[in-house]
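Overview (structure and organization)
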Amino acid sequence: MAPVPRIAALFACSLMCWPAASAAPNIVLLFADDLGYGDLGVYGNPTIRTPNLDRLASQGLRMTAFYSAPSCVPARTQLLLGRYPSRTDVRGTSVGGDGGISDEYAMLAQALGSVGYRTAMAGKWHLGYARAEYLPVGKGFDSWLGLPYSNDMIKPWVQTDEPLWLYRGAERIEHPVDQDQLTLRYTAEVVDVIGERSDQPFFAYLAYSMPHLPLRTAGRFRGTSRAGLYGDVIEAIDWSAGQVMQALEETGQADDTIVIFTSDNGPWLNLPDRMLSGGVVPWHAGSPGPLRGAKHTTYEGGVRVPFIVRWPGVVQPGTVTAEMGATLDLYATLLAAGGGDVPADSDGHDLAALWAGRTAQSPRREFIYHRGSNVQGVRVGPWKLRIVEGQELFHLDRDPSERYNIAADHPETVAQLRQRIDEFTSRVAAEMGQAP
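Quick summary incoming for the structure in this document.

Definitions and cut-offs
- Residues numbered from 1 in each chain as written.
- Predicted model: local features only at pLDDT ≥ 70, side-chain atom pairs only at ≥ 80, totals over all residues.
- Heavy atoms only, no water.
- Core = buried A, V, L, I, M, F, W, Y, C linked by side-chain atoms within 4.5 Å.
- Buried < 20%, exposed > 50% of the residue type's maximum accessible area, 1.4 Å probe, protein only.
- Helix = DSSP H or I, 4+ residues; strand = E, 2+ residues; numbered from the N terminus.
- Contact = heavy atoms within 4.5 Å.
- 1 Å grid on protein atoms, 1.4 Å probe; cavity = no way out; pocket = protein on both sides within 12 Å on 5 of 7 lines; lining within 4 Å.
- Points joined across faces, edges and corners; volume = space filled by probe spheres on them.
- Phe/Tyr/Trp six-rings, centres within 6.5 Å; stacked < 30°, edge-to-face > 60°.
- Lys NZ or Arg CZ within 6 Å of the ring centre and 35° of its normal.

**Points about the nonpolar core**
Counting residues in each nonpolar core, the largest one holds 101 residues, and the members touching the most others are F203, Y205, I260, F261, L330 and W355. No other element matches helix α7 (residues 228-250), which puts nine residues into this core. Sequence-distant contacts of F261, that is, excluding residues within four places in its chain, are made with L30, A32, L35, L40, L53, L56, Y208, I237, P306, F307 and I308. Counting 25 residues, the second-largest nonpolar core is a separate cluster that includes Y299, L393, I406 and V414.

Okay, here's the thing in structure tokens:
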């Protein structure tokens, strides 16, 4: 693999790469936490109402084979770095940890900032917090309001005496945090960013703390969904998406903005014992829809997530594709759309041609499944090999629910996919200086 690009090298070309404000689209990235494949109306949920996200899908493209990672930190690593978790040393990012993203990596906000974007974040970070340089404002975001990690990292769910603070920039501003208001406050923050007058395009990243457990939402949403508290929380997120779209329309920027909605991983089913307290019950989780598995697994229900993109003038309204895409690809796609150069060693692909319908085939022909930094499988075309406690082979076009392990019937396919895993892990081991 090519050497990792240094941020300094990326910034050195920023003046040459700077696009005219009219040429670069604004970007709004809405990123839910633990929202499952089957939790939106447009993805088939029978009781949760999501009219705003359904409308967003009708105005853009919906992907039915879009991949993230099965847990919080790896998912954000893929999203904001465009790199697989095994290729990035991310440790100590949760409560009590003293780790974060190395300065040798250019995060998405830094890369977009270097080509003229103003950048803002509201919501959950979870990529390091113990030092100011690890926080979003140390990683390319001009502003940030949010939590440094997941909202359950307090007693009784995690046995820690470290308080969970709400941050603005690098300053701790509120403890205890009123989690009922988080979705409303994050939304207001992004609406304010949209309303700012500037000659620069903007990148606004809204990383919801919900529906990660413990579920919280404002009183105005409680009891409004037929799906109980979980439905209330999802419908609050749908309201938020509606507020964002309304702000874009009222400021005349709706036609100049890429809006994306997706999730970090599937629903948190089969909860650990530590979570079954403080009012949390097993049914406070969402649905993987027709998919097998959930958060913390590399079955499809853990890693395949809803994905909607609205990009006027590029994406044809009301389109759907079963071609592969991944959070890894958003780094490459959005940076290229903004006029930047994608790092040569990125694990992502520019999906713009697929989204625009200029090609019927995605540039992503392979996806490597990770659990943390460990490789657990690969998908190539419709074939998926999972190597956890044995070998499982699935044909995902015919069997998206992964009901039928057909490894014994296709030994050659198993061997080919296993070779792809071995080649990837060997290459990563050499890159990261690990023993083979």
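**Regarding empty space enclosed by the protein**
On inspection of all chains with the given rule, the structure shows two cavities of 30 Å³ or more. Volume-wise, the second largest cavity comes out at about 40 Å³. Taken together, A120, M121, A122, S143, E189, V190, V193, A204 and Y205 make up the lining of the second largest cavity. Looking at the lining of the second largest cavity, the elements that each hand over two or more residues are β3 (118-123), α6 (182-195) and β7 (202-207).

**Things to note about the packing of aromatic side chains**
By the definition in use, this model includes 16 aromatic pairs. On the basis of an interplanar angle of 80 degrees and a centroid distance of 5.7 Å, the ring pair of Y67 and Y369 is categorised as edge-to-face. Of this pair, Y67 sits in strand β2 (residues 61-67) while Y369 sits in strand β11 (residues 366-371), and the two are 302 residues apart along the sequence. The burial state of Y67 is the same as that of Y369; both residues are buried. Taken together, the aromatic side chains of F31, W125, F141, F203 and Y205 make up a single cluster linked through ring pairs. The ring of Y299 carries R292 above its face, with NZ or CZ at 4.0 Å from the centroid. Sitting above the plane of the Y299 ring, R386 keeps its charged end 3.7 Å from the centroid.

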